[in-house]
Amino acid sequence: MRPSDLDGLPAGVTDYLEGEGIEEFYPPQEEAVEAGVTEGESLVASVPTASGKTLIAQLGMLSAVERGGKALYIVPLRALAGEKAREFEAFEEYGVSVGVSTGNYQSDGDWLGSKDIIVATSEKVDSLIRNGADWVDDLSCVVADEVHLVDDAHRGPTLEVTLAKLRQRVPSLQVVALSATVGNADELAEWLDAELVDSDWRPIDLRTGVHYGQSLHLDDGSQRELSADGNRNQTSALVEDTLDDGGSTLVFVNSRRNAESAAGRLGDVSRHHLDGDEREALHDIAEEIRGVSDTETSDDLADAVERGAAFHHAGLAREHRELVEEAFRDRLVKVVSATPTLAAGVNTPSRRVIVRDWQRYDGDAGGMQPLSVLEVHQMFGRAGRPGLDPYGEAVLLANTHEELEELFDRYIYADPEPVRSKLAAEPALRTHVLAAVATGVARSRDGLLEFLSGTLYATQTDDPERLESVTDDVLDYLVANDFVERDDGLEATSSGHLVSRLYVDPMSAAELIHGLEDADDPTPFGLYHLVARTPDLYGLYLRSGDREQYTEVAYERETEFLGRMPSEFEENEWEDWLAATKTAKLLEDWANELEEDTIAERYGVGPGDIRGKVETAEWLLNAAERLAGDLGYGNTKAVRDARKRVEYGVGEELLDLAGVRNVGRKRARRLYEAGIETRADLRNAAKPVVLGALRGRRRTAETVLENVGHENPSMADVRADADAEAAARTADMSDEDGQASLGDFE
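Residues numbered from 1 in each chain as written. Predicted model: local features only at pLDDT ≥ 70, side-chain atom pairs only at ≥ 80, totals over all residues. Heavy atoms only, no water.

Participant: Is there a simple way to think about the overall build of the protein in this case?
Facilitator: The number of helices and strands found in the protein is 32 helices and 19 strands. Here the protein has a C-alpha radius of gyration of 28 Å; the compact-globule value for 746 residues is 27 Å, and the two agree. Dimensions of the protein, computed from the C-alpha atoms along their principal axes, are close to 75 × 70 × 60 Å. Sorting the 746 residues of the protein into buried and exposed places 57% on the buried side. Nonlocal contacts in the protein, meaning residues at least 24 apart in sequence, comprise 70% of its contacts between residues at least 6 apart. Carbon and sulfur atoms provide 41% of the accessible area of the protein, an area that totals close to 30,900 Å². Placing the 76 positive and 147 negative side-chain charges of the protein at their respective mean positions leaves the two points 5 Å apart. (Helix = DSSP H or I, 4+ residues; strand = E, 2+ residues; numbered from the N terminus. Rg over C-alpha atoms; globule rule 2.2 N^0.38 Å. Buried < 20%, exposed > 50% of the residue type's maximum accessible area, 1.4 Å probe, protein only. Contact = heavy atoms within 4.5 Å. Areas by Shrake-Rupley, 256 points an atom, 1.4 Å probe, with all protein chains shown as cover. Lys, Arg positive; Asp, Glu negative; His and termini not counted. Charge placed at Lys NZ, Arg CZ, Asp CG, Glu CD.)

Written out as structure tokens, the structure is:
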């Protein structure tokens, strides 16, 4: 079947597809068309990575748009949202408009109503529904990418409930669910009332196997000599072998530290396979990486990239990860060592995938546990890129003959586990039950249970009383905390409506309210500690030696805490309190303009961790500010100032300046040291002083003055003031002593 054989797509699209080299559909794509994906039929496509799932989604969405409808594409990660939106923008020349939304959880996204295809994460879609996005009623097609992630305990329930809400709200909605091969795709299809395309077809051959001793043992029973001896371990030998064949390698390891150390070692292999042009391009990328943050992690990554290697994990800043992914896709970076986050859908295929570590630490189990078959197969799926690689190869590593046999039985020959709903747990249900009541999805207990009957959990369970019991417990909690009133039916209170729109866990909201209600003049540190105690902010772990240090801090700062400090004899509560104290100290250091590298070293975190904590704290402090205002507390200004200090990363005296667009924390400090202390000062300042404070950068100075409303921002013929330049140098020298150094946020 060829694209030109299809009817019902926007004019010109079939020609575009054939122009992109799609002369014939892959077998799973043809099955999807025969199952009615272009005619509005719901579909579950369970097929391997790189086997054409995205085109199946495009066919469903474009045919829905051609029929006058609107399509929604749900992704699991923000990074994927931008990637998919750019991919779909190719159809704009055929009259199909595309919008992407991943940010502010309190927005109703009205502007998206004018778009034909909308790309968003499941959390963003859920928040849009809570905030009254009317365009949801106009949806004809929704695509759920990586739908097997409903199995994830943290994010799965949101995807599951969001799909249930959309299907309840738009009964005729076409659902196209895309998944890697899973063990129970038929159950997913039953849940979504969908046709099933379940295929193991791939456009290029995938060889899987285990390396042991001096040989690579493959799934077809063959062996190939591939020695690992002398100074080469198994991973280095496999990477060298791949490079000799002109391919790239992804190496999956079980921790950030292992990812970083592996990249350092593998750079010794990859650097011998770089030509002059590649070295020059990698040098430029490395300089970009160094410019992202002033941390040891950033320098280590840049050093590895210059040698053709890289590491990838959640502790990196978003810009770091994007630079690594792009360089790897361009085959400039030859090998990436990564934690399993890179297997979660980002488009980074390679010739060979090595699963070096098939076990990782599980805190709940108290030790190392094997990865799931589904997760390992997701990693395998990154092997081989159609059009560039003649084949893909995925390899596990064994140290003994017994382990060789175990790995074949556990992963090579095994089918992925079935996907199971994680909805029937209080943490998962709290926010979704409140949202269902607040948005009118359910106005009674019976109505709530009827809504939940449309979830995957209801399809899978043989114990419906469990979900009913957990739902009753959640309702009791919401009523006890004045988020829901239960008289003849269920109705959200004013605070309940606000909490739902703010998209915070009701338990987080309760913690915030209880901490703020008697706090007349809270300090920033007290507020940082308060948000660090909520379930929405994953706090820092206590390392060896931390307990004594933060016990001392807790007693020194006891008067600033909002709420009762537990006793040291309340062991679990005390441990959590100290972890929150450590997290609050990180936020305080950030707001006191401490250098990012100092923070990273002091707390044992990466730049991505710092920014993640800062962004989450700013969001929760915004929620605290809104709740304090709604409840009539008199501490909203203190909360607002603490929020702004976290947002900008500055001392209180810089809040006004740092709020000017294109100023940021470093420029605000330079301007302040030059005697410009407020927006008004900046608007009326002598231009030579501004230029000097901004280190002679004319375009930057013009942009800043334009943004603050200066009547003539031009810097033509302006000479920088020498005293202001000296003040800026003084401010920059203080960076080296532990002051602001995250960057100018340009």
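Participant: Mind showing me how you'd approach the pattern of salt bridges here?
Facilitator: Counted by the stated rule, this structure contains 54 salt bridges. One salt bridge connects R167 with D193, and the closest N-O pair in it is separated by 2.6 Å. Residue R167 is located in helix α6 (residues 156-169), and its partner D193 is located in the loop between α7 (185-191) and β7 (195-198); the two are separated by 26 residues in the primary sequence. Put simply, D241 and R224 hold a salt bridge, and the shortest N to O gap is 3.1 Å. (Salt bridge = Lys/Arg side-chain N within 4 Å of Asp/Glu carboxyl O.)

Participant: Would you explain the packing of aromatic side chains in this entry?
Facilitator: Between two aromatic rings, the relevant description is the distance of the centres plus the angle of the planes. Taken as a whole, this structure holds nine aromatic pairs when the rule is applied. Residues Y26 and W201 carry aromatic rings whose centres are separated by 4.7 Å and whose planes lie at 50° to one another, so their mutual orientation is tilted. Note that Y26 is positioned in the loop between α1 (13-19) and α2 (27-34) and W201 in the loop between β7 and β8 (206-212), a separation of 175 residues in sequence. Here Y26 falls in the partly exposed class, since its relative accessible area comes to 27%. (Phe/Tyr/Trp six-rings, centres within 6.5 Å; stacked < 30°, edge-to-face > 60°.)

Participant: So what exactly am I meant to see when it comes to the packing of helix α20 (residues 506-516) against helix α21 (residues 524-532) here?
Facilitator: When two helices pack together, their arrangement is given by the angle between the helix axes and the distance between those axes. For the pair α20 and α21, interaxial distance at closest approach is 9 Å and the crossing angle is 150°. By the angle class used here, α20 and α21 are roughly antiparallel. Between α20 and α21 the crossing geometry is right-handed. Here E511, L512, G515 and L516 of α20 come into contact with α21, specifically with L527, L530 and V531. A per-class count over the contact of α20 with α21 returns five nonpolar, one polar and one charged. (Axes fitted to C-alpha atoms, helices over the stretch in contact; angles between N-to-C directions. Parallel < 35°, antiparallel > 145°, perpendicular 65-115°, else oblique. Left-handed = near helix turned anticlockwise from the far one by under 90°. Nonpolar A, V, L, I, M, F, W, Y, C, P; charged D, E, K, R; others polar.)

Participant: So what exactly am I meant to see when it comes to the sheet that holds strand β11 (residues 249-252) here?
Facilitator: Each strand in a sheet pairs with its neighbour through backbone hydrogen bonds, running either in the same direction (parallel) or in the opposite one (antiparallel). Ordered by their spatial adjacency, eight strands build an open sheet running β10-β9-β8-β17-β14-β11-β13-β12, and the pairing between neighbours is mixed. Whereas interior strands pair on both sides, the edge strands pair on one side only; in this sheet they are β10 (223-225) and β12 (309-312). Strand-to-strand, the axes of this sheet are offset by a mean angle of 20°, without reference to chain direction. Where β8 lies against strand β17 (residues 392-397), six bridges are found, and the strand directions are parallel. Looking at the pairing, H211 lines up with L397 of β17. Sitting on the sheet, helix α8 (residues 234-244) touches β8, β10, β11, β13 (335-338), β14 (352-355) and β17, and the angle it makes with β14 is about 175°. (Pairing = 2+ DSSP bridges.)

Participant: Any chance you could explain the packing of helix α16 (residues 445-452) against helix α18 (residues 464-480) here in plain terms?
Facilitator: At their nearest, the axes of α16 and α18 sit 11 Å apart, and the two run at 130° to each other. Considering their axes alone, α16 and α18 lie oblique with respect to each other. Seen along the crossing, α16 lies across α18 with a hand that is right-handed. On α18, the residues that touch R445, L448, L449 and L452 of α16 are L467, E468, T471, D472 and L475. Split by residue class, the contact of α16 with α18 holds five nonpolar, one polar and three charged.

Participant: Whenever I open this one, the nonpolar core confuses me. Can you help?
Facilitator: When a protein is soluble and globular, its nonpolar side chains tend to lie buried together. Counting residues in hydrophobic clusters, the biggest one holds 74 residues, and the most contacted among them are L429, L478, F483, V504, Y528 and L627. Of all the elements, helix α25 (residues 607-630) adds the most residues to this core, at 10 residues. If we ignore the near neighbours within four places in the chain, the residues touching L478 are R430, V433, L434, F483, V484 and P506. (Core = buried A, V, L, I, M, F, W, Y, C linked by side-chain atoms within 4.5 Å.)

Participant: How should I be thinking about helix α4 (residues 78-88) in this particular structure?
Facilitator: Residues that lie three or four places apart on an α-helix share one face, since the helix turns once every 3.6 residues. All buried positions along α4 are accounted for by L80, A81, E83, K84, A85 and F88. Against the buried residues of α4 lie α3 (53-66), β2 (70-75), β3 (98-101), β4 (117-121) and α12 (318-329).

Participant: When you look at the confidence of the model for the protein in this model, what are you seeing that I'm missing?
Facilitator: Low pLDDT marks regions whose predicted coordinates should not be analysed in detail. The predicted model of the protein has a mean per-residue pLDDT of 92, with 96% of residues at 70 or higher. Taken as a whole, residues 736-746 scores under 50 in pLDDT and shows 38 contacts with residues more than four places along the chain or in a different chain. (pLDDT = per-residue confidence, 0-100.)

Participant: Help me understand the sheet that holds β7, please; the structure alone is not making it clear to me.
Facilitator: In space, the seven strands of this open sheet follow the order β3-β4-β2-β5-β6-β1-β7, with parallel pairing throughout. Either end of the sheet is taken by a strand with one partner, and the two such strands are β3 and β7. Here the average twist between neighbouring strands, direction ignored, is 15°. Pairing analysis gives five bridges linking β2 to strand β5 (residues 139-144), with the strands arranged parallel. When the bridges of β5 are listed, A71 appears paired with C141.

Participant: Honestly, the environment of T455 in this entry has me stumped. Any pointers?
Facilitator: Structurally, T455 can be placed in the loop between α16 and α17 (456-460). The class for T455 is buried, based on a relative accessible area of 0%. In this structure the C-alpha to C-alpha distance between T455 and V646, which are 191 residues apart in sequence, comes to 38 Å. Those residues in contact with T455 that lie beyond four places of it in its chain are E160, A164, W191 and L423. Within the structure, the side chain of T455 is placed 2.6 Å from the backbone oxygen of L452, a separation counted as a polar contact. (Polar contact = N/O pair within 3.5 Å; in protein donor to acceptor, adjacent residues only side chain to side chain.)

Participant: Is there a simple way to think about helix α28 (residues 664-673) in this case?
Facilitator: Counting buried positions along α28 yields eight of 10 residues, so the element is predominantly enclosed. Burial in α28 covers these residues: G664, R665, K666, R667, A668, R669, R670 and L671. Taken from the residues just after α28, G675 is the one with a positive phi, measuring 95°.

Participant: How should I be thinking about a negative patch on the surface in this particular structure?
Facilitator: On the surface, a cluster of negative charge is contributed by D275, D277, E280, D284, E288, E326 and D330. Here the element with the most residues in the negative patch is helix α10 (residues 276-292); it accounts for four residues. With respect to the helices, strands and loops of the structure, D284 is situated in helix α10. (Patch = residues over 30% accessible without salt bridge, like charges linked within 9 Å, V, L, I, M, F, W, Y side chains within 5 Å.)

Participant: What am I meant to see in the side chain of D589 here?
Facilitator: Mapped onto the fold, D589 is located in helix α23 (residues 571-591). At 2.9 Å, the side chain of D589 forms a polar contact with the side chain of R602.

Participant: Help me understand the pairing of β5, please; the structure alone is not making it clear to me.
Facilitator: Residues in a regular strand project their side chains so that they alternate between the two faces of the sheet. Counting buried positions along β5 gives five out of six residues, so the element sits mostly inside the fold. As paired strands, β5 and strand β6 (residues 174-179) are joined by four bridges and run parallel to one another. Note on β6: the bridge partner recorded for V143 is V176.

Participant: In this structure, what is going on with the pairing of strand β15 (residues 359-362)? I would like to understand it.
Facilitator: Examined bridge by bridge, β15 and strand β16 (residues 367-370) share four bridges and lie antiparallel to one another. Looking across to β16, one finds that D362 is bridged to G367. Here β15 folds back onto β16 in antiparallel fashion, the turn holding four residues, of which G366 has a positive phi close to 75°.

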